[in-house]
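A structural walkthrough
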Amino acid sequence: PLKLLASEIFQKSNDAGVPCDLVTGEERTYANPEGRPSSHLSCTVEMCSVNTPYEVAVIDEIQMIRDPARGWAWTRALLGLCAEEIHVCGEAAAVNFVTELMYTTGEEVEVKSYNRLTPITVLDHALESLDKLQPGDCIVCFNKNDIYSISRQIEVRGLECAVIYGSLPPGTKLAQAKKFNDPDDPCKILVATDAIGMGLNLSIRKIIFNSLIKPSINEKGEKQMETITTSQALQIAGRAGRFNTVFKEGEVTTMHRDDLPVLKDILGRSVDPIEIAGLHPTAEQIEMFAYHLPDATLSNLMDIFVSLAQVDG
């Protein structure tokens, strides 16, 4: 789902002696110095090839299939990958939808459920002050201004902190994560956006939500502010006390006292089952439309595609 995770898997595979290439929207890196393709590939979901035959494909964070902006990429990967076997990872909320979708294509589906390996607790008190920060704490913000402001306030207190947010280059994010994870490094506080919610195993003891309001883009492409969903809250909270990190259990709280009951309510709800998937025309389809309608703009071609698109059932 993220350049961050694709880069991490690329790095880990090659470190383990398994040659692996990396393909994201911004870079293409070959493990072989001569540029020959390796037998393994780590890529962001939008960049996966639906023409290359594979033995096994793994699609992570399948619940993103319902995302208004990026869901089409998961639909394309799930239905289009030429793989003998596809492993799909993600929330249980996607199980029924994916199973039904696969039955329509005549696939065999095997569902395996896994439990979290370490306990996680929602605390009864908010942090309220940066003076109470402890090693392994991670403050989650939903805009860069808050990240800059809080990281400066932490540094004023004589503490070192790592910073991770979506638009940082993958190499910088990995370097910041490595610094935070290093037991010998004095940097023991992390300030991040929800970019940490997918991938990157970080040694986080406690997740602290600075806010529960996140900017999002609606169907009209307009920016709006909304309270985070149960799915998003669980995804971020689940970063605390991960298995195979130095902390054997995780804790979750908020920065502000008023947000804590809201967070508890959000985390206490069940996740709505997924009922929709994103669709997007292929480049070939757009090209064909453009050939027949040479005077139409790209936005017009998209509108025509939407008006003509039909979904069975």
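Remember, it's a predicted structure, so these values are computed and weren't measured experimentally. All residue numbers refer to position in the chain's written sequence, counted from 1. The model is predicted, so local features are restricted to residues of pLDDT at least 70 and side-chain atom pairs to those at 80 or more, both for listing and for counting; the totals for chains, interfaces and linings are taken over all residues. Note that water and hydrogens are dropped before the side-chain values are worked out from all heavy atoms of the structure.

**Description of the nonpolar core**
Here is the rule we go by: As used in this record, nonpolar core signifies buried Ala, Val, Leu, Ile, Met, Phe, Trp, Tyr and Cys residues forming a set joined through side-chain atoms within 4.5 Å. Partly exposed residues are those whose accessible area sits between 20% and 50% of the maximum for their type, while under 20% is buried and over 50% is exposed, using a 1.4 Å probe and protein chains only. Only DSSP runs of H or I covering at least 4 residues are called helices, and only runs of E covering at least 2 are called strands; the numbering of each starts at the N terminus. Only heavy atoms enter the contact rule, under which two residues are in contact if any of them lie within 4.5 Å.
Ranked by size, the top nonpolar core spans 27 residues in total, and within it Leu190, Ile196, Ile204, Ile207 and Phe209 carry the most contacts. Elements supplying a minimum of two residues to this core: strand 7 (137-140), strand 8 (161-164), helix 5 (170-181), strand 9 (189-192), strand 10 (206-209), helix 6 (230-237) and helix 7 (259-268). If sequence neighbours within four positions are ignored, Phe209 has contacts with Val140, Phe142, Ile228, Ala233, Ile236, Ala237, Val252, Thr253, Thr254, Met255 and Leu263.

**Here we look at unusual backbone geometry**
Despite not being glycine, Glu61 has its phi angle at roughly 55°, a positive value. Relative to the helices and strands, Glu61 is located in the loop between strand 4 (53-59) and helix 2 (71-80). In this model, Glu128 sits at a positive phi of 70°, which is unusual for a non-glycine residue. Looking at where Glu128 falls in the secondary structure, it is placed in the loop between strand 6 (120-122) and strand 7.

**Here we look at the pattern of salt bridges**
Heads up, the rule is: Salt-bridge detection follows one rule: a side-chain nitrogen of Lys or Arg within 4 Å of a carboxyl oxygen of Asp or Glu.
Counting across every chain of the model gives 16 salt bridges. Close ionic contact of Glu128 with Arg257 constitutes a salt bridge, the shortest N to O distance being 3.1 Å. Of this pair, Glu128 sits in the loop between strand 6 and strand 7 while Arg257 sits in the loop between strand 13 (250-254) and helix 7; the two residues are 129 residues apart in sequence, bridging distant segments of the chain. The partner of Glu160 in a salt bridge is Lys179, and the shortest N-O contact between them spans 3.2 Å. With Glu160 in the loop between helix 4 (144-156) and strand 8 and Lys179 in helix 5, the pair connects residues that are 19 residues apart, well separated along the chain. Owing to a relative accessible area of 36%, Glu160 belongs among the partly exposed residues under this scheme. What emerges from the salt-bridge pattern is a single network uniting Asp137, Arg205, Lys206 and Glu251.

**Remarks on the pairing of strand 8**
To keep things clear, this is the line we draw: At least two DSSP bridges between two strands are needed for those strands to be called paired. Orient the strands so they point away from the viewer; a crossover is then right-handed if the path from the first strand over the helix to the second runs clockwise.
Covered by surrounding structure in strand 8 are Cys161 and Val163 together with Ala162 and Ile164, the residues of both alternating faces. Sheet topology places strand 8 next to strand 9; four bridges connect them, and they run parallel. When the sheet's bridge partners are listed, Ala162 is paired in strand 9 with Leu190. Of the crossover connections in this fold, the one passing from strand 8 over helix 5 to the parallel strand 9 is right-handed.

**Notes on the side chain of Lys173**
Heads up, the condition is: Counted charges follow a simple rule, with Lys and Arg positive, Asp and Glu negative, and His plus the chain ends left uncounted. Identification of polar contacts relies on pairs of N or O atoms within 3.5 Å, with a donor-acceptor requirement for protein atoms, meaning one able to donate a hydrogen and the other able to accept it, and with residues adjacent in sequence counted only if both atoms are side-chain atoms.
Within the fold, Lys173 resides in helix 5. For Lys173, which is buried and forms no salt bridge, the nearest opposite charge comes from Glu26, at a distance of 7.9 Å. Within polar-contact distance, the side chain of Lys173 engages the backbone oxygen of Gly166 at 2.8 Å. Every residue in contact with Lys173, bar those within four places of it in the chain, is listed here: Leu4, Ile164, Tyr165, Gly166 and Leu168.

Honestly, it's all geometry; don't read function into it.
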